[in-house]
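So you can see what is in the structure, the chains are spelled out below.
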Amino acid sequence: MTSHEWWHNADLRMATAVGDGWRLFNDLYLRAQTDADLLALTRRTRLAQSLTHAARTEHFAPHLGGRQITADNAEATLAALPVLEKDVLRHTPEAITTGLVDPWDVLKVRTSGTTGEPVWIIHDDTKLTESTAANLRMLDAYGLQPGLRVIRATADLRHGLVDYETMPFFGQATVLQVNMSTATPGDAAFLTRLCAEFKPDVLWGQPVEILLAALRQNEGTIDFPKFKAVLTHGDSLDARARATIADVFGCPHYDLYGLQEFGRVGWECPQSPGTYHIDEERVSIDVQGDGQVLITSLTNTAMSLLRYRPGDGGELLTEPCPCGRPHVRLTKIEGRKRALVADADGQLVNIKPLRLILEVQPLHRWQVRQNEAGCLDVLIAPESPADGDELARDLYAALKNTMRLRELTVRPVELAELTTASGKAPLFQLLATQEALSAAVVDNATSW
Ligand SMILES: [Zn+2]
């Protein structure tokens, strides 16, 4: 039987995935919370399938080819595999592609992670169904309902002052997006009324975006209604930011752990703050001796991500959680911590437009430094040093239009200058960090 061409229709696939995710929530994700045996069996069975699929790939075939993989030997087989480095994804993604999903149907996600180079990850529809189920479980634990209303704080100059969107895989949420960078005191009446009438349940954003929202609230640019919860995602949270968010918004705050390579995989337990339950139905997690996290996808049949090292640190807690859920917990997560750029007007803006331009250049390494509001110093180590000056001129022209700057320099440097004793220098060295933003909110002290 041949399928209708709508089989490939993205809107229909999205709606179907939400329905399938709801069933998966009922049949598995909900039950596994109180059934450790079901969780263990699901993990082992899915892992055996993942390993079997991986045996088809060029990268894993030498390690897995010809072996009989069962649910009983799956965990030992996984543990014997070499670590999968991001370099494999970046340079030879086809080597870990299974070929099991029609190229027309794969979902592509672009990521740059902590190391800065763009990488494409391909997924099958389980990315949508499993996310839907896992998010429903998390929202339930946080006392939130499907159809929730979310205010999303952004700081991206490419976004309008306000916008609407939906998050079908996040409990069918309706989202009001508010740009905290471009909001001014003149918008106060409009924004305050809009947010109040929207009747939000949740404030959502990266830690620096939520801190900027807190700053705007303190300045009187917006007066948010009371939220049921603040949810942060995307960056590791520092202790001061955590205290500031709790203080300003006066409601529960939960932090989520996710990666573009896998989607959200962990969420902070409401009964045990600072520890994150891992959705072990979807991923298997391990921490190496040096504290580096390794993650294995149990559901992605399009690409084999086994013992993948994203560059995040953490500590695994295997003892039972006070909440009773059998899922292992990750704590002391050390990953990316982004900051904001202070532009010539003193506005705080997201680094993403800069990153999108820089990460596709023929550079070994780059770094953006800010020592003064409105001024940026961009250091580049070109792959071909002879082209350094020309590349610097082109980059100057591209970067100067991304935000309002008083001074911009782009300088070719030796690679050694962007290398530290412990490895690569950070991509961004900025003033408006989580800590500095917290100080601005609490002490009214700005360092930009
Ligand atoms: Zn718990």
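Residues numbered from 1 in each chain as written. Predicted model: local features only at pLDDT ≥ 70, side-chain atom pairs only at ≥ 80, totals over all residues. Heavy atoms only, no water.

A. Quick look at the overall build of the protein chain. Helix and strand counts for the protein chain come out as 12 helices and 22 strands. In terms of its C-alpha atoms, the protein chain occupies a principal-axis envelope of roughly 65 × 60 × 50 Å. Taken over 448 residues, the protein chain has a buried fraction of 53%. Considering only residue pairs separated by 6 or more positions, the protein chain has 65% of its internal contacts joining residues 24 or more positions apart. Summed over its atoms, the accessible surface of the protein chain is roughly 19,800 Å², and 51% of this surface lies on carbon and sulfur atoms. Distance from the positive charge centre (44 side chains) to the negative charge centre (58 side chains) of the protein chain: 2 Å. (Helix = DSSP H or I, 4+ residues; strand = E, 2+ residues; numbered from the N terminus. Buried < 20%, exposed > 50% of the residue type's maximum accessible area, 1.4 Å probe, protein only. Contact = heavy atoms within 4.5 Å. Areas by Shrake-Rupley, 256 points an atom, 1.4 Å probe, with all protein chains shown as cover. Lys, Arg positive; Asp, Glu negative; His and termini not counted. Charge placed at Lys NZ, Arg CZ, Asp CG, Glu CD.)

B. Spatial organisation of the coordination of the zinc ion. The zinc ion binds to the protein through Cys 269 (SG), His 277 (NE2), Cys 321 (SG) and Cys 323 (SG); the donor distances cover 2.1 to 2.3 Å. For the zinc ion, the 4 donor atoms are set out with angles of 100 to 113 degrees between them, so the coordination reads as tetrahedral. Sequence positions of the donors to the zinc ion reduce to the motif C-x7-H-x43-C-x1-C. Residue Cys 269 is located in strand S9 (residues 263-269), and its partner Cys 321 is located in the loop between strand S13 (313-317) and strand S14 (329-334); the two are separated by 52 residues in the primary sequence. Owing to a relative accessible area of 1%, Cys 269 belongs among the buried residues under this scheme. Judged by relative accessible area, which is 7%, Cys 321 ranks as buried. (Donors = N, O, S within 2.8 Å, 3.2 Å for Na, K, Ca; no water. Tetrahedral: all angles 85-135°; square planar, octahedral: opposite > 155°, others 65-115°.)

C. Just the pairing of S9, in detail. Of all 7 residues in S9, 7 are buried; the element is thus mostly enclosed. Pairing between strand S8 (residues 253-259) and S9: 4 bridges, direction antiparallel. Paired with Leu 259 across the strands is Gly 263, a residue of S9. Where S8 folds back on S9, the antiparallel hairpin that results is connected by 3 residues. Bridge count for S9 against strand S10 (residues 272-278) is 4 bridges, and the pairing is antiparallel. (Pairing = 2+ DSSP bridges.)

D. Geometry of the pattern of salt bridges. Scanning all chains against the criterion turns up 27 salt bridges. Notably, a salt bridge pairs Arg 338 with Asp 235, separated by 2.9 Å at the nearest N-O pair. Remark: Asp 235 occurs in the loop between strand S7 (229-232) and helix H9 (239-249) and Arg 338 occurs in the loop between S14 and strand S15 (341-342); sequence separation between them is 103 residues. A relative accessible area of 15% means that Arg 338 is categorised as buried. Across the salt bridge formed by Asp 279 and Arg 264, the nearest N and O atoms sit 3.3 Å from each other. Here Arg 264 lies in strand S9 and Asp 279 lies in the loop between S10 and strand S11 (283-287), a separation of 15 residues in the sequence. The structure contains a network of salt bridges with shared partners spanning Arg 137, Arg 264, Asp 279 and Glu 281. (Salt bridge = Lys/Arg side-chain N within 4 Å of Asp/Glu carboxyl O.)

E. Region of the structure containing the sheet that holds strand S22 (residues 428-429). Strand order across the open sheet formed by 4 strands is S19-S18-S17-S22, with mixed pairing between neighbours. In this open sheet, the two edge strands, each paired with only one partner strand, are strand S19 (407-412) and S22. In terms of strand pairing, strand S17 (residues 363-372) meets S22 through 2 bridges, oriented parallel. Of the residues in S22, the one forming a bridge with Val 368 is Phe 428.

F. Structural detail: the nonpolar core. Of all hydrophobic cores here, the largest spans 38 residues; its most connected members are Leu 51 and Tyr 257. Here this core takes 4 residues from helix H2 (residues 36-54), the largest share from any one element. Residue contacts for Leu 51: discarding those within four places in its chain leaves Leu 64, Ile 69, Ala 74, Thr 77, Leu 78, Leu 81 and Leu 306. The next biggest cluster of nonpolar side chains, apart from the first, holds 36 residues, and it includes Val 178, Ile 210, Phe 227 and Ala 440. (Core = buried A, V, L, I, M, F, W, Y, C linked by side-chain atoms within 4.5 Å.)

G. Inspection of unusual backbone geometry at higher detail. Not every positive phi belongs to a glycine, and Gln 172 is a case in point at roughly 50 degrees. Of note, Gln 172 is situated in the loop between strand S4 (162-167) and strand S5 (173-179). Within the chain, Asn 444 stands out as a residue other than glycine whose phi angle is a positive 60 degrees. With respect to the secondary-structure elements, Asn 444 resides in the segment after helix H12 (434-443).

H. Region of interest: the environment of Thr 301. Within the secondary structure, Thr 301 is located in the loop between strand S12 (293-297) and S13. For Thr 301, a relative accessible area of 22% translates into the label partly exposed. Taking the C-alpha atoms as reference, Thr 301 lies 9.4 Å from Ile 122; in sequence the two are 179 residues apart.

I. Fine view of empty space enclosed by the protein. Summed over all chains, the structure comprises 1 cavity of 30 Å³ or more. The computed volume of the largest cavity comes to approximately 90 Å³. A per-class count over the lining of the largest cavity returns 3 nonpolar, 5 polar and 3 charged. (1 Å grid on protein atoms, 1.4 Å probe; cavity = no way out; pocket = protein on both sides within 12 Å on 5 of 7 lines; lining within 4 Å. Points joined across faces, edges and corners; volume = space filled by probe spheres on them. Nonpolar A, V, L, I, M, F, W, Y, C, P; charged D, E, K, R; others polar.)

J. Examining the sheet that holds S9 more closely. If you walk across this open sheet you meet the 10 strands as S4-S5-S3-S6-S7-S8-S9-S10-S14-S13, and the pairing is mixed. Of all the strands in the sheet, just S4 and S13 have a single pairing partner and so form its edges. Each strand of the sheet is rotated relative to its neighbour by a mean of 30 degrees, with strand direction disregarded. Across the sheet, helix H7 (residues 188-198) is in contact with strand S3 (149-154), S4 and S5; its angle to S5 comes to roughly 170 degrees. (Axes fitted to C-alpha atoms, helices over the stretch in contact; angles between N-to-C directions.)

By themselves, these figures tell us nothing about what the structure is for.
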